[in-house]
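# Close look at the chain arrangement
What follows is the residue order along each chain.
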2 protein chains.
Amino acid sequence: MSTETAQDDLRGYRGISREVLARDGIRVWSEVRAKTKQGQFEGLVLPRSETADELHIVLKLDSGYNIGLAADQIESLEEVGRREAQYKIPEKKFPYSAGKPRVKLFGTGGTIASRLDYRTGAVIPAFSPGELYGSVPELADICNLETEKLYGIFSENMGPEQWIGVAQACAAEIEKGIDGIVIGHGTDTMHHTAAALSFMLQNPPVPIVMVGSQRSSDRPSSDATLNLIHATYTAARSDIAEIVVCMFGPTSDDYGLLHRGTRVRKMHSSYRSTFRTIGDRPLATVEREKITILNPGYHQRCPRGESNLALNAAFDDRVSLVYYYPGMKPDVIESLVDNGYRGIVFAGTGLGHVNRAVYPAIEKAREAGVASYMTVQTIWGYTQMYVYETGREIMGLGVEPIANMLPEVAYVKLGWALGQTDDLGEIKKIMQTPINGDITEREPPDGYLVYQGGLPEIEEFMRRVHR
Amino acid sequence: MSTETAQDDLRGYRGISREVLARDGIRVWSEVRAKTKQGQFEGLVLPRSETADELHIVLKLDSGYNIGLAADQIESLEEVGRREAQYKIPEKKFPYSAGKPRVKLFGTGGTIASRLDYRTGAVIPAFSPGELYGSVPELADICNLETEKLYGIFSENMGPEQWIGVAQACAAEIEKGIDGIVIGHGTDTMHHTAAALSFMLQNPPVPIVMVGSQRSSDRPSSDATLNLIHATYTAARSDIAEIVVCMFGPTSDDYGLLHRGTRVRKMHSSYRSTFRTIGDRPLATVEREKITILNPGYHQRCPRGESNLALNAAFDDRVSLVYYYPGMKPDVIESLVDNGYRGIVFAGTGLGHVNRAVYPAIEKAREAGVASYMTVQTIWGYTQMYVYETGREIMGLGVEPIANMLPEVAYVKLGWALGQTDDLGEIKKIMQTPINGDITEREPPDGYLVYQGGLPEIEEFMRRVHR
């Protein structure tokens, strides 16, 4: 950490990367032209995060993306400009307004948190209501905000331990009478965490809204501010008392979408319009001061205020998700059994199939008492294991079909069920009992699928339906 | 097989299922009312396939789906009607027309084959041009058809061995001067086989068209006939000399879509409109006598007649596809290394991420000389591993990003590359060199994504673009 003071012109760089910068007289926040063995790059030298390796120098390109240049491939660096570094967000006292709802914002990390940091793409160490207000003053029109950092990690590192921690933190806030909760989260696994909270925190009396951003706030196209406003508004004002994901709707900035925590999936690696409700309508659209319910059937089941909160923060991590591929060999499954796994969710082909070569391993899993469930890797649609001989054979080996539960959701639910009981019959009952939309009876008529699968088409569809 | 004569009223049934049928005086092709411990069902008793278990009696319900009733759960069966069984398709001599193109139809199995069988959902043992002509006389307007059964299996059991067999059979036909090839295939893994053939059979001089059906021909909504006509027309008449998948386009019967073998994925478990080109436009639409190119850039690269056929039917099956989930533990990857796997394709979250807990296992894989590649489980979008620290760390462990190659396609390609060489540098070169669209430089403008993701929305889009 000796190199990581705020005053350090080479903030965060160590070893060879620090040497190369020093050699060419380049500082953090220099705009440089870099000649490398792979070609020439221009961009802004970013500070490095605490955990960074010492081999790369990171440039922010004009496109907004960061690139890591291997220091040993750099022939020369030339300073062509300079940007003033501002390590501190302007902080203002978040105004208290009597009568406005109280909202708690939990931070876990991810790109949304970099809204509050500074151009680095790194995770911020903390964020206060005052910093938030300095950045997004609209929040004070919506609510009285309190903030608390639970974690500071990218969401690919979120897992069962953090799911339990977040669930417990939410329950504690609800106990203290909060009016709504926002959870800032990286987008990679936001849908996994949303599913976990949907099972662990049933029947909350207030909205619990997960939010993230696909592009950090220093980029012109950032979705961070709008998503945060939408999520805070939903938490403070909506009647949707359940776990929802609030992210960008269309490719324009018109509105956000609220997705049920059990039916949502990230569908594009870089687009802002990436979260989509699968196999049903989203719950609602959200604009700056307006929520439009798209799925009243769901909504009515979870009204604000009716609390019967059941906190059940259990998880057994001896569960795996096996995504079938042609030519799969039984050793993939046998290893899980040998390593003591207690649950397997298959993502099979078609209506829920795997090849015959793995049948003996599935049989072995059954003999070892492993709970096995089948989902479909087509993502859309239902398992239907009675249609073909293959499905009937696999059911005969003890694999239970699980309707239209998404593979990721089934994985989370099975770990949650295994955390509660050893009884396979009890686990089956938990798995097959719909919770918060994880299984739906049938898909909506074709028209409603229009905006399910793809990405920008939602824009046009919404123009028709929503306006 | 003693119970399996065509005259047998209990065709295919053995053991307890045969006893229950005999007890209540029920024959195959009886319409029955079945009282079971799980409730009452009405349907048509179907004959059983050769490989069926003896525990179930299979009914075809009015919905068109089959259901397997456990014989020991059946309280009574009552015959309420009878349908005449026709074991033989009306067979007519396929007329030879001088001047029409010669097309070869290879059968591998799947629901499309049951077009040619009879209401059982079972795989047919053989099909002749005469049987095909009896069923789909339009085929004779298109071409002179020859048929050959290569396999008779559901596509979940297709794998590397069959991919190689099909590739070799196609090459042999091309050598003999065929004008086009159609491959009937189950839909579960049609996209995997299409990818394998795209790598194994490069630069064919004629179209190689994969076709299947989502619903067997005894169902009113069957797509079998139309798909077969479209595929045969494409093989006989189109200039698209590459491996394509020909399946239903919209929810109406208006036209089929032709998808590149490397960019197509099954996206719904039961819809007919299930195959979708991901991250690009489909190649073309196909109607009964008309092909409309949607993606001229692709098309021009593979014109009919320019043969430089490279048959390269290699595959090393010591390759696996690891679909990341939060909480993944290193043992999943360690087991692959211990079991001698030589290649791993990861389907990571977001831009191509896994959690830190598995880093040591990835390191171990590298030390063992395992070739590791990263794809994205968002399905749409590119791996971009320079954007976040996580991506750079994972690349530092030897995992190579592979742009927008679909996880399934990357799995097939890595097995194919490993089948050719042990040299990791050579493998990397093979993986990163685009072949037949498996990597595309960038996604088309937003408008073209409209019909990429979802399902029925394609209908509306096509109405705009295509008409």
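Above this note sits the structure.
Residues numbered from 1 in each chain as written. Chains lettered and ligands numbered in written order. Predicted model: local features only at pLDDT ≥ 70, side-chain atom pairs only at ≥ 80, totals over all residues. Heavy atoms only, no water.

### Observations concerning the overall build of chain A
Helix and strand counts for chain A come out as 15 helices and 21 strands. Looking at chain A as a whole, 65% of its 467 residues qualify as buried. A sequence separation of at least 24 residues applies to 72% of the contacts in chain A between residues at least 6 apart. (Helix = DSSP H or I, 4+ residues; strand = E, 2+ residues; numbered from the N terminus. Buried < 20%, exposed > 50% of the residue type's maximum accessible area, 1.4 Å probe, protein only. Contact = heavy atoms within 4.5 Å.)

### A closer look at the packing of helix 9 (residues 331-338) of chain A against helix 10 (residues 359-367) of chain A
All names here are of chain A. For the pair helix 9 and helix 10, interaxial distance at closest approach is 8 Å and the crossing angle is 15°. Relative to helix 10, helix 9 is oriented roughly parallel. Judged by the twist between their axes, the crossing of helix 9 over helix 10 is left-handed. Seen from helix 9, the contacting residues are Ile333, Glu334, Val337 and Asp338; seen from helix 10, they are Ala361, Ile362, Lys364 and Ala365. (Axes fitted to C-alpha atoms, helices over the stretch in contact; angles between N-to-C directions. Parallel < 35°, antiparallel > 145°, perpendicular 65-115°, else oblique. Left-handed = near helix turned anticlockwise from the far one by under 90°.)

### As for the side chain of Thr234 of chain A
Residues and elements named next belong to chain A. Inspection of the secondary structure puts Thr234 in helix 7 (residues 224-237). Look at Thr234 and you get buried, because its relative accessible area is 0%. For Thr234, the contacting residues outside a window of four places in its chain are Pro207, Val209, Leu258, Val286, Ile291 and Arg304.

### Here's the deal with the pairing of strand 1 (residues 30-36) of chain A
Within a regular beta strand, the side chains point alternately toward one face of the sheet and then the other, so they alternate between its two faces. Residues and elements named next belong to chain A. The alternating pattern of strand 1 places Ser30, Val32, Ala34 and Thr36 on a buried face and Glu31, Arg33 and Lys35 on a face that is not buried. Two elements, strand 1 and strand 5 (residues 74-82), share 7 bridges in a ladder whose sense is antiparallel. Bridging from a neighbouring strand, Lys35 pairs with Ser76 of strand 5. Pairing of strand 1 with strand 2 (residues 39-45) involves 6 bridges; the strand directions are antiparallel. The residue of strand 2 that forms the bridge with Thr36 is Gly39. Connecting strand 1 to the next strand, strand 2, in antiparallel fashion are 2 residues. (Pairing = 2+ DSSP bridges.)

### Regarding the sheet that holds strand 11 (residues 243-248) of chain B
Residues and elements named next belong to chain B. Taken in spatial order, the 8 strands line up as 7-6-8-10-11-12-15-16 in an open sheet, and their pairing is mixed. Lying at the two open borders of the sheet, with one neighbouring strand each, are strand 7 (144-149) and strand 16 (290-293). In this sheet, adjacent strand axes meet at a mean angle of 25° when their direction is disregarded. Across 6 bridges, the pairing between strand 6 (residues 102-107) and strand 7 is parallel. In the strand pairing of strand 7, Arg102 is matched with Asn144.

### Topic: the pattern of salt bridges
All names here are of chain A. Per the stated rule, a full pass over the model turns up 46 salt bridges over all chains. The shortest N-O distance in the salt bridge between Arg102 and Glu146 comes to 2.9 Å. Remark: Glu146 occurs in strand 7 (residues 144-149) and Arg102 occurs in strand 6 (residues 102-107); sequence separation between them is 44 residues. You can call Arg102 partly exposed: its relative accessible area is 26%. Judged by relative accessible area, which is 26%, Glu146 ranks as partly exposed. Lys413 is paired through a salt bridge with Asp438; the nearest N and O atoms lie 2.6 Å apart. Within this pair, whereas Lys413 is found in helix 12 (residues 407-418), its partner Asp438 is found in the loop between helix 13 (424-432) and helix 14 (446-449), the two being separated by 25 residues in sequence. Each member of the pair, Lys413 as well as Asp438, is classed as buried. Ionic contacts of the salt-bridge type, sharing partners, join the residues Lys104, Glu148, Glu173 and Lys176 into one network. (Salt bridge = Lys/Arg side-chain N within 4 Å of Asp/Glu carboxyl O.)

### Considering unusual backbone geometry
Although it is not a glycine, Trp29 of chain A sits at a positive phi angle of roughly 75°. A relative accessible area of 2% means that Trp29 of chain A is categorised as buried.

### Some thoughts on the sheet that holds strand 21 (residues 399-401) of chain A
Residues and elements named next belong to chain A. Strand order in the open sheet formed by 4 strands is 18-19-20-21, and the pairing between neighbours is parallel. With one partner strand each, in any of the chains shown, strand 18 (319-323) and strand 21 form the two edges of the open sheet. Adjacent strand axes in the sheet meet at a mean angle of 25° when their direction is disregarded.

### Here we look at helix 10 (residues 359-367) of chain B
Residue and element names in this part refer to chain B. What helix 10 keeps buried is the set Tyr359, Ala361, Ile362 and Ala365. Down the axis, helix 10 shows its buried residues gathered within 160° of arc, on one side only. Facing away from the buried side of helix 10, by more than 90 degrees, are the exposed residues Pro360 and Glu367. Contacts from the buried residues of helix 10 go to helix 9 (331-338), strand 19 (343-348), helix 11 (389-396) and strand 21 (399-401). Positive phi shows up at Gly369, right after helix 10, with a value of about 80°. (Arc of directions from axis to C-beta.)

### Describing the environment of Asp9 of chain B
Among the structural elements, Asp9 of chain B can be located in the segment before helix 1 (15-23). Measuring from C-alpha to C-alpha, the distance between Asp9 of chain B and Gln214 of chain B comes to 29 Å, with 205 residues separating the pair along the chain.

### Details of the packing of helix 5 (residues 160-175) of chain B against helix 6 (residues 190-200) of chain B
Each packed pair of helices is defined by two parameters, the angle between the axes and the distance between the axes. Residues and elements named next belong to chain B. Axis separation between helix 5 and helix 6 bottoms out at 10 Å; the angle between their running directions is 50°. Between helix 5 and helix 6, the angle is such that the two are oblique. Like other packed secondary-structure pairs, helix 5 and helix 6 cross with a definite hand, here right-handed. Here Trp163, Ile164, Val166 and Ala167 of helix 5 lie close against helix 6, whose contacting residues are His192, Thr193, Ala196, Leu197 and Met200. In the contact of helix 5 with helix 6, the residues fall into 7 nonpolar, 2 polar and no charged. (Nonpolar A, V, L, I, M, F, W, Y, C, P; charged D, E, K, R; others polar.)

### With respect to the environment of Val182 of chain B
Mapped onto the secondary structure, Val182 of chain B falls in strand 8 (residues 180-184). C-alpha separation for the pair Val182 of chain B and Ala236 of chain B, spaced 54 residues apart in sequence, amounts to 9.1 Å.

### What about helix 9 of chain A?
With 6 of 8 residues buried, helix 9 of chain A is to be regarded as a mostly interior element. Regarding helix 9 of chain A, the residues found buried are Asp331, Val332, Ile333, Ser335, Leu336 and Val337 of chain A. Contact partners of the buried residues in helix 9 of chain A: strand 18, strand 19 (343-348) and helix 10 of chain A together with strand 18 (319-323) and helix 9 of chain B. One or two positions beyond helix 9 of chain A, positive phi appears at Gly340 of chain A, with a value near 85°.

### Concerning the packing of aromatic side chains
Residues and elements named next belong to chain A. One pass over the full model with this rule turns up 9 aromatic pairs over all chains. Here Trp163 and Phe315 contribute two aromatic rings whose centre-to-centre distance is 5.4 Å and whose plane-to-plane angle is 80°, an arrangement assigned as edge-to-face. Linking Trp163 in helix 5 (residues 160-175) with Phe315 in the loop between strand 17 (310-311) and strand 18, this pair joins segments that are 152 residues apart in sequence. (Phe/Tyr/Trp six-rings, centres within 6.5 Å; stacked < 30°, edge-to-face > 60°.)

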